[in-house]
Amino acid sequence: MIRDGRVAAVGAQAKVEALPEARAAERLAVQGRVILPGFVDSHTHLVHAASRAEEYELKIAGASYEEIARRGGGILNSVKKLRAATSEALKQRARAALRGFAAHGTTTIEAKSGYGLDVTSELKILGLHQELQREQPLEIVSTFLGAHVVPAEYRGTPDGPQRYVALLINRLIPEVADRKLAEFCDVFCDRGAFSRGQSEQVLEAAARHGLQPRIHAEQLTRTGATQLAVHLGAASCDHLEFVNQADMRALAKSKTVATLLPGCDFHLGLKRYAPARGLIDAGAIVALATDYNPGTSPTLSMPMVLSLACTQLRMTPAEGIVAATINAAYALRREKEVGSLEIGKLADIGVFKVEDYREIPYYFGVNKCWMTLKRGKIISHAVDADPAS
Ligand code: NIG
Ligand code: FE
């Protein structure tokens, strides 16, 4: 039972129906369907100008992510496109994506900046997060990712990267924090992006201004970013394809969530997925997210991520659902509000047209989400998304 957008009662049908308040309640018939807490997608790059489909054939032919970046593609390609785009065009694309997230059962997302990489464009993206939050039902948790890569205009001289780090620390982080444009600060700590030392400088400055750290860690190479995340008490460290045993032990002892993004390896055609079983068995808190972005993971489907988690990460469907709901909520430090259907929490719900929850990942690439509720209100309803069922 739902009251004022929150879960007021849960349990066996007969018990809930016997409550005096239930008599006057409006009834939503979902017989024969599976109800889950709405997915929490704790890692997305929501605002970007366009796809990078022009790089797809290069990837298929075997060019690596880093090679494509060296040839003028990659993140800087998206930066060029974003700087040239109007706010209205960016917003329209993000709005369509948000409807797509909702249609796949997602009710809360994290969104990172990081395709602007100059003061105006980064602030523009974060401002869009705020506007979109006001204008549509999904909750958007905003993260500042000014440290995505060093922008082109800072690459010409040896001290360029350090000057860009100084711009982040002295100018952007204070302004983002003052204007409350983000809650978290992220850094892409990897070869071709930021070193462990630079990442530490940025995240420590962010923490001094009240922005909580999170990190893109060990995606392409092992840099020690996981140890840094644990050391800084980061909310999450994400990717983790190249973690070692010591990293896994450190995560297991910490409250830093290990967020796995198998959509990236799938899209890039890489064979080395993060060691999910090792992390779970060691006792780390494992979350799953889409990493929705135009370069490594152009999907907004959490059900597809669950399929990849099962087949590639060897997680069970139940582990996958936990990772995509309550553990992801914890990665955003929202576990008291969302991520499970318990009395007092938000009535954020995904209804799936399946008889058994395991069918959600089992039917890969098929969206079985039939209805999505945010704060007790229907925000998405597929009349019949999948006529075969
Ligand atoms: O999470 N690794 C860095 N950032 C994104 C990719 C961004 C892009 O290629 O546009 C990621 O994989
Ligand atoms: Fe990412």
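Residues numbered from 1 in each chain as written. Chains lettered and ligands numbered in written order. Predicted model: local features only at pLDDT ≥ 70, side-chain atom pairs only at ≥ 80, totals over all residues. Heavy atoms only, no water.

Turning our attention to the coordination of the iron ion (ligand 2). Only His 43 (NE2), His 45 (NE2), His 216 (NE2) and Asp 291 (OD) from the protein reach the iron ion (ligand 2) as donors, at distances of 2.1 to 2.5 Å. We note that the donor set of the iron ion (ligand 2) lies within a single chain, spaced as H-x1-H-x170-H-x74-D. Of this pair, His 45 sits in the loop between β4 (39-41) and α2 (56-60) while His 216 is found in strand β8 (residues 212-217), placing the two residues 171 residues apart along the sequence. Residue His 45 shares its accessibility class with His 216, and that shared class is buried. (Donors = N, O, S within 2.8 Å, 3.2 Å for Na, K, Ca; no water. Helix = DSSP H or I, 4+ residues; strand = E, 2+ residues; numbered from the N terminus. Buried < 20%, exposed > 50% of the residue type's maximum accessible area, 1.4 Å probe, protein only.)

This brings us to the site of ligand 1. Taken together, 15 residues sit near ligand 1, with Tyr 65, Tyr 115, Gln 219, Asp 291 and Thr 296 positioned nearest. Within the side chain of His 216, one N or O atom sits 3.1 Å away from an oxygen atom of ligand 1. Between Gln 219 and ligand 1, the recorded distance is 2.7 Å, taken from a side-chain N or O atom to a nitrogen atom. In isolation ligand 1 has 330 Å² of accessible area, and contact with the protein removes 100% of it. In terms of residue class, the shell around ligand 1 is made up of four nonpolar, nine polar and two charged. (Near = heavy atom within 4 Å. Polar contact = N/O pair within 3.5 Å; in protein donor to acceptor, adjacent residues only side chain to side chain. Areas by Shrake-Rupley, 256 points an atom, 1.4 Å probe, with all protein chains shown as cover. Nonpolar A, V, L, I, M, F, W, Y, C, P; charged D, E, K, R; others polar.)

Structurally, the position occupied by Ile 280 is in helix α12 (residues 276-282). With a relative accessible area of 22%, Ile 280 lands in the partly exposed category. Apart from the residues lying within four places of it in its own chain, the contact partners of Ile 280 are Val 286, Met 315 and Glu 319. (Contact = heavy atoms within 4.5 Å.)

Turning to helix α14 (residues 317-324), its buried residues number three or more, namely Gly 320, Ile 321, Ala 323 and Ala 324. Buried positions in α14, seen along its axis, are confined to an arc of 160° and lie on one side of it. (Arc of directions from axis to C-beta.)

For helix α10 (residues 245-252), the complete set of buried residues consists of Asp 247, Met 248, Ala 250 and Leu 251. The arc enclosing the buried residues of α10, seen along the axis, measures out at 160°, which places them on a common side. On its buried face, α10 is in contact with α9 (225-232), β9 (236-239), β10 (257-260) and α12. Two or three places before Ala 246, at the start of α10, stands the capping residue Asn 244, its side-chain oxygen 3.1 Å from that residue's backbone nitrogen.

What follows is about the pattern of salt bridges. On inspection of all chains with the given rule, the structure shows 25 salt bridges. The partner of Glu 337 in a salt bridge is Arg 6, and the shortest N-O contact between them spans 3.1 Å. Linking Glu 337 in the loop between α15 (326-331) and β12 (349-352) with Arg 6 in strand β2 (residues 6-7), this pair joins segments that are 331 residues apart in sequence. Salt-bridge contacts for Glu 183 lead to Arg 334; the nearest nitrogen and oxygen are separated by 2.7 Å. Of this pair, Glu 183 sits in the loop between α7 (160-178) and β7 (184-189) while Arg 334 sits in the loop between α15 and β12, placing them 151 residues apart in sequence. Given the relative accessible area of 28%, Glu 183 is considered partly exposed. The class for Arg 334 is buried, based on a relative accessible area of 15%. Ionic contacts of the salt-bridge type, sharing partners, join the residues Lys 91, Arg 95, Glu 131 and Glu 135 into one network. (Salt bridge = Lys/Arg side-chain N within 4 Å of Asp/Glu carboxyl O.)

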